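Structural overview
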Amino acid sequence: MSENPLKPVFVTLERISNSIRTQFRAVHLSLTNEKPPVSLSPSNPSSTSSTHSQPNDIFKDKSAQPVTKEELGRATWTFLHTLAAQYPERPSRQQKKDVKELMAILSRIYPCKECADHFKEVLRTNPVQAGSQAELSQWLCHLHNVVNRSLGKPKFPCERVDARWGKLDCELRLCDLQGTSDSEDRLP
Ligand SMILES: Cc1cc2nc3c(=O)[nH]c(=O)nc-3n(C[C@H](O)[C@H](O)[C@H](O)COP(=O)(O)OP(=O)(O)OC[C@H]3O[C@@H](n4cnc5c(N)ncnc54)[C@H](O)[C@@H]3O)c2cc1C
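Residues numbered from 1 in each chain as written. Predicted model: local features only at pLDDT ≥ 70, side-chain atom pairs only at ≥ 80, totals over all residues.

- The name an unreviewed UniProt entry assigns to the protein chain is Sulfhydryl oxidase, from the organism Nepenthes gracilis.
- The record held by UniProt for the protein chain lists under Catalytic activity (unreviewed entry) the comment "2 R'C(R)SH + O2 = R'C(R)S-S(R)CR' + H2O2".
- Regarding the protein chain, the UniProt comment filed under Cofactor (unreviewed entry) reads as follows: "FAD". (UniProt positions renumbered as here; feature names shortened; annotations may be inferred.)

Structure, rendered in structure tokens:
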């Protein structure tokens, strides 16, 4: 059977999601002065055991409540801007394709219909530009500003996007996007 053509997108999303979770966990630990169990690596099984809530505590935990449209928006922008920050300077053809597909899929299945419909419209007038890391970050910043404007929010200065959304602090380049190596296909 042929491989699912969206598999690379899902694999990339999973890796980025794991990385973001690790970063949030690090921020949480630094705010609460908790010590990490052993390692912040999501692949270390011990990191998921000792600091987790007991089963009955989960309903008392504020983070177990349904998220608001605003929280969902902030989380999604965090994911997208982080992806853009991690995007390679010289992406492969597959990586460019993945980003375009990701945006198209997001505009269809984003779990807020009003937002998804608006996003579809914004994408139509601002097609994805993913030729390089700088191009993708600036395009996304502009796109976010279009959404900001429609919601009456202030315009973000896009020359400051790299300062706001830096690359993930990951050892041994473990957060690099899949397919980002010098030996990869780098067709224009
Ligand atoms: C694709 C998409 C479509 C959406 N459509 C709607 C909609 O139609 N209606 C609706 O009510 N909500 C929508 N939202 C949610 C909305 O955009 C906000 O996420 C939400 O209102 C919370 O806003 P916020 O002020 O906390 O900051 P957010 O807009 O969530 O931004 C988070 C952080 O990103 C930074 N930031 C802000 N602007 C930029 C930029 N241009 N470039 C880089 N960084 C920036 C700031 O530091 C900010 O604190 C949408 C979200 C997404 C992801």
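1. What to know about the overall build of the protein chain
- When helices and strands are tallied, the protein chain shows 6 helices and 0 strands.
- Taking all contacts inside the protein chain whose residues are at least 6 apart in sequence as the whole, residues at least 24 apart take part in 58%. (Helix = DSSP H or I, 4+ residues; strand = E, 2+ residues; numbered from the N terminus. Contact = placed C-beta atoms within 7 Å.)

2. Concerning the site of the ligand
- Taken together, 22 residues form the shell around the ligand, and within it Gly73, Thr76, Cys115, His144 and Phe156 come nearest.
- Of all elements in the fold, only helix H2 (69-86), helix H4 (113-125), helix H5 (133-150) and helix H6 (161-164) reach the threshold of two or more residues within the shell around the ligand.
- Tallying contributions element by element places H2 first for the shell around the ligand, with 7 residues.
- Partitioned by chemical class, the residues of the shell around the ligand number 9 nonpolar, 7 polar and 6 charged. (Near = placed C-beta within 6 Å. Nonpolar A, V, L, I, M, F, W, Y, C, P; charged D, E, K, R; others polar.)

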